[in-house]
Amino acid sequence: MKKIIAMVLISVTLILIVFAVGYTRVESTDYTKGVRISERTAVERINYTGAVEYADSAAQNAKGSGVVQALFFKNGDSVKAGDVILTGCETSADLSGGDLLSSLVSGSSDNVASLLEGGSVEAYTAPKDGVISGLDLEPGGLYMKGQSLFKVSGQESFQVKLDVSEKDISKVGIGQDVRIDCKALPGMLSGIVSNVGDSASKTSSQSGKVTAVKVTVAVDGNSEDLKPGYTADCSIVTDINSGVLLAPYSAVMYDEGGRAFVYASSASCVEKRIITPGREYSNGVEIRSGLKSGDIVVYDAAKVREPKKTVVSEVTVYAQ
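Residues numbered from 1 in each chain as written. Predicted model: local features only at pLDDT ≥ 70, side-chain atom pairs only at ≥ 80, totals over all residues. Heavy atoms only, no water.

**Structural notes on the overall build of the protein**
For the protein, the helix and strand inventory stands at three helices and 22 strands. A burial count over the protein gives 35% of its 320 residues as buried. Sequence-distant contacts, at least 24 apart, represent 74% of the contacts inside the protein between residues at least 6 apart. In the structure as shown, the protein presents an accessible area of about 18300 Å², 53% of it carried by carbon and sulfur atoms. (Helix = DSSP H or I, 4+ residues; strand = E, 2+ residues; numbered from the N terminus. Buried < 20%, exposed > 50% of the residue type's maximum accessible area, 1.4 Å probe, protein only. Contact = heavy atoms within 4.5 Å. Areas by Shrake-Rupley, 256 points an atom, 1.4 Å probe, with all protein chains shown as cover.)

Rendered as structure tokens:
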């Protein structure tokens, strides 16, 4: 009887030891996500933000300096070619804005009349069928010779104007593909670079004044939900190379000796693997040696605390 009790106690003890060892192993194991890398198309992009506008706009400029007499349409109105948009009392003389402004502020119609003496009433008409935009004048408002009074735009196509920094402009060319993200719309739009400006100018940015070149992106198709003025985040494809072994940026780290490495998945854990990185693309880092297509690496290498106690529990295909 005593032998039986002893054997039972020993068995229970062994079972508890096995469970304890297993529990300890589970508790000490870190599980992480991995990605299976492969040779893919490497893409380089530059990103800029602009505003959506109608593509085929025609501007009407003032023939002389004058004062708005009457307005017959407002921004957003549909017009036909030949419709009178506004009339103005003006002169062909080369006046300064200060001349007219001082006369208007004085409240003397005689002064204004004298400045416009010999002038005439000009009627400005729509140059084409379309929608009015850029009409920022009010009756009694002054305008100067050559000033853009309004635009008439067709509704068939859209474009985005971008201010591309001089450091990036050498990468941009007509015909390059563009991915367009309008926050007001679900999904992505596509387009192409349709024009690159001939000159650069200073423009304001979040980091201050920068020298930039105007780049026009033509939006593919005609989205019924797209509206002028929408913010458009544009990603221009500046270079494409096929058959490149790519790994995510988060998978590559550097040790104290400056060597690049990844954590590659092995039979029971992950191991440090020294690699030779190459060119950096928008969708990953080129791997020149140390890995091959089909290898599994830890997606976020910075989260690995102890490689010998880390196991890749979930594998996805790297397809950024």
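That was the structure; now back to the text.
**Considering the nonpolar core**
Counting residues in each nonpolar core, the largest one holds 24 residues, and the members touching the most others are Val160, Leu162, Val164 and Ile180. Counting residues per element, the ones that place at least two in this core are strand 2 (39-54), strand 11 (158-165), strand 12 (177-182), strand 14 (208-219) and strand 15 (231-247). Not counting the four nearest positions on each side in its chain, Leu162 is found in contact with Tyr48, Thr49, Gly50, Val213, Lys214, Val215, Val217, Cys234 and Ile236. Counting residues in hydrophobic clusters, the runner-up holds 17 residues, among them Val35, Leu246, Val262 and Tyr281. (Core = buried A, V, L, I, M, F, W, Y, C linked by side-chain atoms within 4.5 Å.)

**Considering the packing of aromatic side chains**
What the rule picks out here adds up to two aromatic pairs. Between the aromatic rings of Tyr54 and Phe158, the centroid separation amounts to 5.3 Å while the plane-to-plane angle is 25 degrees, which identifies the pairing as stacked. Placement of the pair is Tyr54 in strand 2 and Phe158 in strand 11, with a sequence separation of 104 residues. Of the two residues, Tyr54 and Phe158, neither departs from the other in class, the shared state being buried. For the pair Phe261 and Tyr263, a centre-to-centre distance of 5.4 Å together with 75 degrees between the ring planes defines the contact as edge-to-face. What makes Phe261 buried here is its relative accessible area of 6%. Note that Arg40 overlies the ring of Tyr318, its terminal NZ or CZ placed 5.1 Å from the centroid. The cationic tip of Lys272 hangs over the ring face of Phe261; the distance from NZ or CZ to the ring centre is 4.7 Å. (Phe/Tyr/Trp six-rings, centres within 6.5 Å; stacked < 30°, edge-to-face > 60°. Lys NZ or Arg CZ within 6 Å of the ring centre and 35° of its normal.)

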